[in-house]
Amino acid sequence: MTDFHYGTYVQYCLSGDPNKPCSILQFKGITFMLDCGLTAQTVLNFLPMPLVPSTRLDSLPGWMPRDCSDSQLERELKECCGRVFVDSTPEFQPPQSRIIDFSSVDVILISNYLCMLALPFVTEETGFKGMVYATEPTMQIGRMFLEELVENIEQTPRASFASRWKEFLHLLPQPLSNCHRPRTWKHIYNLTAVKKSLSHIRMVGYNQKLDVYGALTVMAVSSGYCLGSSNWVIDSGYEKIAYVSGSSTLTTHPRPMDQPALKNADVLILTGLTQTPTANPDSMLGELCMTVANTLRLGGNVLLPCYPSGVVYDLFECLSSHLDNSGMSTIPMFFISPVADNSLAYSNIFAEWLSTAKQNKVYLPEEPFPHAFLSRTGRLKHFKHIYSDGFSTDYRQVGHQTMKRSLWMCVKLRNIKFASNQISALTLLQNTQFFTLCSLLQPPKLKCSVSNLMIHLVLEPDFVHVEALAPFQPLQMKVVHCPIDTSLNFTQANKLIRDLKPGTLVLPESYLHPPIIDPARSDLVIDTDRPTIPYKRDEVHSLPLKRKLTPAGISTSLTEKLSPIEVRAGLSLATVTGELKVADNKYSIQALPSITGKKRLRSADDLLRIKPENYTWGSLNVDDFIQKISLEGITDAKPKEDVLIQVEDSSTHIICEGDQKLRLRLRDILLQCLNKF
C-alpha cells in the first residue's frame, strides 16, 4: 500500500431541471457525465406545429413591445388569448456546455430512457470520444424516444427560424422574459446524429461491475422506475458514490428497486423525485379510470397524451380491466405513435427486466402484459400516425358498429385514444391538430360540438398542463389533469435516505424548499440530519472525499528479496526499496535495476536508483535544513534562478534545471536532516 494524495471529487451541474438531470463528476483525471436529460420546457414558448394549415394560427395578430419598431420581431411573435408566443420551429435547451468541454468526458452513465434525450447534443460534433453505459431496455426504448422526437418535429417543417426575439428579452412579457439563456437553445438533431450517438453505447446488465480505466468501477442496479432504469454505484475501492435518479419503490411492471447496493455510500447524489408531490399515483389512476368510464358511458371520446413506454403499459392493463368490470368490454383503444409497434413488441421481450410477477407469467408461458392479447382480439389498435393506412377506416368502422350496439349512444362515437408524443401534451396537440379533432374523427356530416364530450386527460407530469394548452384556448373539450408520476415522493425519499445512511447527501436545492404550488407544505421537502450539499444549475461543488490511499502491487522479484521481521505475534514488517511505476491508473513497485561498480553511471537518476543504506522517516526540520545549507556555502533557499527548493507538510521538492550535481548535493543535505533507521 502506498500513500498519495489525489485531490477531491468535483461536481458540475449542467441542467436546471432535476427530472432531466445532467451533471459532471471528476476524480483521478476521469470525467463522468451523470445522465444527459433534455429540458423541453422551452417548447412551451412556441406556437404549435399543425400537420395541416391552420387558419386560426395563421390569423393570430403579431405582437410588438411598446416604443419598439422592428418588422422582423413583429413577424416572429404572435399573441394568443393574452399570451405571446414565438412563431418558429421549437428549440430545446441542451446541457450547459460552457462549464465543461464535452470532448473531455470519458464516461456517460444513463439512468433511464427519459434521461438520454440530449445524448446527440453531447456526443456529436463536440469531439466526444468516451463511452456511454446503459442497460439494453434503456438503449432500445431510448432509441424509440429519440426517433419519435425527431420525426414529430421534422414532419411539420417551418420555412424560417426566429432568433431576433432573443435580443429583446427585457422588453418581452412573461414567460418569454424569464427564458434562461435562449441564445444557447438549439433546434432538434436529425436521425443521422441519433444513430451516431447510439453507437457510443455499451449495454450493461444489473450488478455488472465495469472497470473504468483501472481507477474506478461502476455498477448499474435496478431503480424500479421503468424498464431497464438504473441507479449507479461508483467505487474506487476506498470511497463509494451512489447516484440515485428516477427511482420508485411502488409495485409496478419494472424490477423492484435494489436498495442494499446503495447503502453506506460516502456520497449519495439524489435527483429525479416526483414532479407532482401532492398527487398520489394510485389515486390518480383510480380517478382516471372512473373519468374514462363515465365519459364513455355518456357517449364521449377520451384522449390520453402519454409517452410511448412506461406508464402506458400499466394504463392498458388497468383501463381494460376497469372497462370490463363496467360492462364496456367492446370499447376500442387506439395507440398512436411513430414507434407504437416497437414499443408494444419490446415490452414483451424484456422479461429479465420485469417484476417477479411479470416474469412468472413468461415462464408459464404467458405474455407478461395484456396488451398483446388486446391487440390480437382487435380491442387495442396501434398506428404510427393518424393518417396511417387503415386508421380512418378502422376508427369509423368501429364507431358505426358501436352506434348499432348502443341505442342510447345516438350518433356519438365511443373510444379511448392513447396519443404518444415525446414532448408530451403540447406537441401532442400540435402534431395531431386536436383543436379540430372532432371533424377529423367523426363522420363527415357531423359537426364538432361540446356535446360530444371529448375529454382530454393530461397524464405526463413534465409540463404544467395549463401552459401546455395555452395556445389552443378556447379549447372545445373538457380537460382533466390526472398526472401519474411513480417516482419517489418526499416521504419515500426521506425514508430511503435514513435506510441508506450516506455520509453526505448531494441534491438539487429545490428539494429543500416546499413546492411553489403549495408553499405551506413543509412535509414536501427533504429533511435529514446528514451533511447536505445543495446545488443549482451552473454551480460547481467539491465533494467531501479526499483520496489518500491507493493499492499498489509488488513484483515477484521484489517480494523474494524481502526480509520480514516479526515485531509482535502475528505481525511482521519489512522495508521495501523499489521503483514505483504507473500504467492505466494501476500502481506497481518493481525491483531497482542492478548497477554494478564497473558500470558507468550515465545520469543522476541512476544514482537515485541505488538502494540507500538507511531509510528516512519523519518531518523535515526546516531550520536545521537551512543551517546545513549555509554550512555548505549555500546562503539562499533559492541558490540559482533555475533551482527551487519547495518544502510542504508531507513532501519536499528539489527542482534543478540541468544541474544534477547540485541536485544530488541538496538531496544529501536533506537526508542528513531526517530521522533514519
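What you see is a predicted model, and the numbers here were worked out from it, not measured in a lab.

Novice: How would you explain the overall build of the protein chain if you had to name every residue and give the values?
Specialist: Across its full length, the protein chain carries 19 helices and 33 strands. In the protein chain, which comprises 677 residues, the proportion classed as buried is 52%. Within the structure as shown, the protein chain displays about 31,600 Å² of accessible surface, and the carbon and sulfur contribution to it stands at 51%.

Novice: Explain the pairing of strand S21 (residues 504-508) to me, using residue names and the numbers behind them.
Specialist: Of all 5 residues making up S21, 5 are buried, and the element is well covered by its neighbours. Pairing analysis gives 4 bridges linking S21 to strand S22 (residues 532-535), with the strands arranged parallel. Directly across from Leu 507, in S22, lies its bridge partner Pro 534.

Novice: Any details on the environment of Gly 130? Residues and values, ideally.
Specialist: Here Gly 130 lies in the loop between helix H3 (119-123) and strand S8 (131-135). Expressed as a C-alpha distance, the spacing of Gly 130 and Asp 106, which sit 24 residues apart in the sequence, is 4.4 Å. With near-sequence residues (within four places) excluded, Gly 130 lies in contact with Val 105, Asp 106 and His 200.

Novice: Please provide a residue-by-residue account of unusual backbone geometry, values included.
Specialist: Cis geometry marks the peptide bond from Gln 174 to Pro 175, where omega comes out at 0°. One non-glycine residue, Arg 181, adopts positive backbone phi at about 45°. Examined against the element boundaries, Arg 181 turns out to sit in the loop between helix H4 (136-154) and helix H5 (191-198). Given a relative accessible area of 33%, Arg 181 falls into the partly exposed group.

Novice: Quick rundown of the environment of Gly 578? Include the residues and the values.
Specialist: For Gly 578, the position within the fold is in the loop between strand S27 (571-573) and strand S28 (579-583). Residue Gly 578 is classed as partly exposed on the basis of its relative accessible area of 32%. Sequence separation between Gly 578 and Ile 589 is 11 residues; the distance between their C-alpha atoms is 5.7 Å. Not counting residues up to four positions away in its chain, the partners in contact with Gly 578 are Leu 558, Ile 589, Gln 590 and Leu 592.

Novice: Give a detailed account of the sheet that holds strand S13 (residues 240-245), specifying residues and quantitative values.
Specialist: The strands making up a sheet associate through hydrogen bonds between their backbones, and the pairing can be parallel or antiparallel. What the 7 strands build is an open sheet, ordered S10-S11-S12-S13-S14-S21-S22; its pairing is mixed. Two strands lie at the open edges of the sheet, namely strand S10 (209-212) and S22, each paired on one side alone. Looking at each pair of strands side by side, their axes are set apart by 20° on average, direction ignored.

Novice: Any chance you could break down the confidence of the model for the protein chain for me, citing the residues and the numbers?
Specialist: In this model, the protein chain carries an average pLDDT of 82, and 84% of its residues clear a pLDDT of 70 or more. The secondary structure element of the protein chain with the lowest average pLDDT is helix H13 (residues 437-441), at 35, and the one with the highest is strand S7 (residues 107-109), at 98. Contacts of residues 1-7 to residues separated by more than four positions or lying in other chains number 26 contacts, the stretch itself having pLDDT below 50. Residue range residues 598-602 is modelled with pLDDT below 50. Its contacts to residues more than four positions away, or to other chains, number 4 contacts.

Novice: Any chance you could break down the packing of H4 against H5 for me, citing the residues and the numbers?
Specialist: At a minimum axis distance of 10 Å, the contact between H4 and H5 shows a crossing angle of 165°. One element, H4, and the other, H5, form an angle in the roughly antiparallel class. Seen from above, H4 lies across H5 with right-handed handedness. Along its contact with H4, which presents Met 139, Arg 143, Leu 146, Glu 147 and Val 150, the element H5 presents Leu 191, Val 194 and Leu 198.

Novice: Pulling in residues and values, what's your account of the pattern of salt bridges?
Specialist: One pass over the full model with this rule turns up 14 salt bridges. Asp 70 is paired through a salt bridge with Arg 164; the nearest N and O atoms lie 2.9 Å apart. Here Asp 70 is found in the loop between helix H1 (55-58) and helix H2 (71-76), whereas its partner Arg 164 is found in the loop between H4 and H5, with 94 residues between them in sequence. Relative accessible area serves as the criterion here: at 14%, Asp 70 is assigned to the buried category. Note on Arg 164: relative accessible area 31%, which makes it partly exposed. The partner of Asp 523 in a salt bridge is Arg 521, with the nearest N and O atoms 2.9 Å apart. Residue Asp 523 is classed as partly exposed on the basis of its relative accessible area, which comes to 40%.

About the cut-offs
Residues numbered from 1 in each chain as written. Predicted model: local features only at pLDDT ≥ 70, side-chain atom pairs only at ≥ 80, totals over all residues. Heavy atoms only, no water. Helix = DSSP H or I, 4+ residues; strand = E, 2+ residues; numbered from the N terminus. Buried < 20%, exposed > 50% of the residue type's maximum accessible area, 1.4 Å probe, protein only. Areas by Shrake-Rupley, 256 points an atom, 1.4 Å probe, with all protein chains shown as cover. Pairing = 2+ DSSP bridges. Contact = heavy atoms within 4.5 Å. Axes fitted to C-alpha atoms, helices over the stretch in contact; angles between N-to-C directions. pLDDT = per-residue confidence, 0-100. Parallel < 35°, antiparallel > 145°, perpendicular 65-115°, else oblique. Left-handed = near helix turned anticlockwise from the far one by under 90°. Salt bridge = Lys/Arg side-chain N within 4 Å of Asp/Glu carboxyl O.

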